[in-house]
Amino acid sequence: MKKKLMAGNWKMNGSLQANADLVKALLAGLPADSSSAGCSIALCVPAVYLAQVSALLESSDVDLGAQDVSQHAVGAFTGETSAAMLKDFSVRYAIVGHSERRQYHHETDALVAQKALQALASGVTPIVCVGETLDEREAGQTEAVVKRQLAAVIHANGHCISEIVVAYEPVWAIGTGKTASPEQAQQVHAVLRAQLAAATPHAARVAILYGGSMNAANAKQLLAQPDIDGGLVGGASLKAPDFLSIIAAARVE
Ligand code: PEP
């Protein structure tokens, strides 16, 4: 069975002291040889703390991730962070198209696709988030919405598409305590896998993560689904014991 990828999304939380305490507690709770944690682990932290967390993770196998990346390579784009800059700080992953950015920053499918393109061009793996709102689910549009969101990224990235990570995050489940049932999540993951398979012969190696109120109680069942290759964990990744319990549920013996 393929190794799961468990990525924490700290969102806009943290401080120098809180980050140091959290990373210390996480590393202390992982097996000494953290590759024997049985899954890959990443922390997606606010941009301003990338240097700090990069240093804190230096002697561990835990990867560093950003929460966004510019759609541009370089230039007069005040406030933006390029993929090459992320690479300078050993960033392995960049979340793109998180629903909070689609909602509050009006990011479109085309913009998200450009961000994925920039990330890949600099050797940063984009974690492309897709997911439907509650209204869209209730209107029976879930499949159409996630397929439209992923299609934009496939279209812009061509054969590189096998290098991305996808995160299915139903918007109604993010930060709400409501989780998609394992069956609901698997159904959407299978749709996404089929869409990837139509675009690349390497679709099986694309990790498709589930995100949305994942916790220690629901992680095992979600992660047991055939097309769920890991988790993108928001709130629960801010507490070391909670994230460690979720990581334990992802362990492939
Ligand atoms: C997220 O922000 O990507 C997320 C899944 O949040 P939460 O786990 O808090 O629902």
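Computed from a prediction, not measured in an experiment: that's the story for all the values here. (Residues numbered from 1 in each chain as written. Predicted model: local features only at pLDDT ≥ 70, side-chain atom pairs only at ≥ 80, totals over all residues. Heavy atoms only, no water.)

J.: If you had to explain the site of the ligand to someone new, which residues and values would you point to?
T.: Within the structure, the ligand sits among 14 residues, and Lys11, Glu169, Gly175, Ser213 and Gly234 are positioned closest to it. One of the side-chain N or O atoms of Lys11 is found 2.7 Å from an oxygen atom in the ligand. At 2.8 Å, a backbone N or O of Ser213 approaches an oxygen atom of the ligand. When the ligand is considered free in solution it has 290 Å² of accessible area, and contact with the protein chains removes 95% of it. Of the residues assigned to the shell around the ligand, the class counts are four nonpolar, eight polar and two charged. (Near = heavy atom within 4 Å. Polar contact = N/O pair within 3.5 Å; in protein donor to acceptor, adjacent residues only side chain to side chain. Areas by Shrake-Rupley, 256 points an atom, 1.4 Å probe, with all protein chains shown as cover. Nonpolar A, V, L, I, M, F, W, Y, C, P; charged D, E, K, R; others polar.)

J.: Quick rundown of the side chain of Asp227? Include the residues and the values.
T.: With respect to the helices and strands, Asp227 occurs in the loop between α9 (219-223) and β8 (230-233). Looking at Asp227, its side chain comes within polar contact range of the side chain of Arg193, at 2.9 Å. Those residues in contact with Asp227 that sit more than four places away from it in its chain are Gln186, His189, Ala190, Arg193 and Ile208. (Helix = DSSP H or I, 4+ residues; strand = E, 2+ residues; numbered from the N terminus. Contact = heavy atoms within 4.5 Å.)

J.: Lay out the packing of helix α5 (residues 109-121) against helix α7 (residues 142-157) with the relevant residues and their values.
T.: Between α5 and α7, the shortest axis-to-axis distance is 8 Å and the interhelical angle comes to 45 degrees. The orientation of α5 relative to α7 falls into the category oblique. α7 is crossed by α5, and the crossing has right-handed handedness. Facing Asp109, Val112, Ala113, Gln114, Ala116, Leu117 and Leu120 of α5, the residues of α7 in contact are Arg148, Gln149, Ala152, Val153, Ala156 and Asn157. Looking at the contact of α5 with α7 residue by residue, the class counts come to eight nonpolar, three polar and two charged. (Axes fitted to C-alpha atoms, helices over the stretch in contact; angles between N-to-C directions. Parallel < 35°, antiparallel > 145°, perpendicular 65-115°, else oblique. Left-handed = near helix turned anticlockwise from the far one by under 90°.)

None of this, on its own, says anything about what the molecule does.
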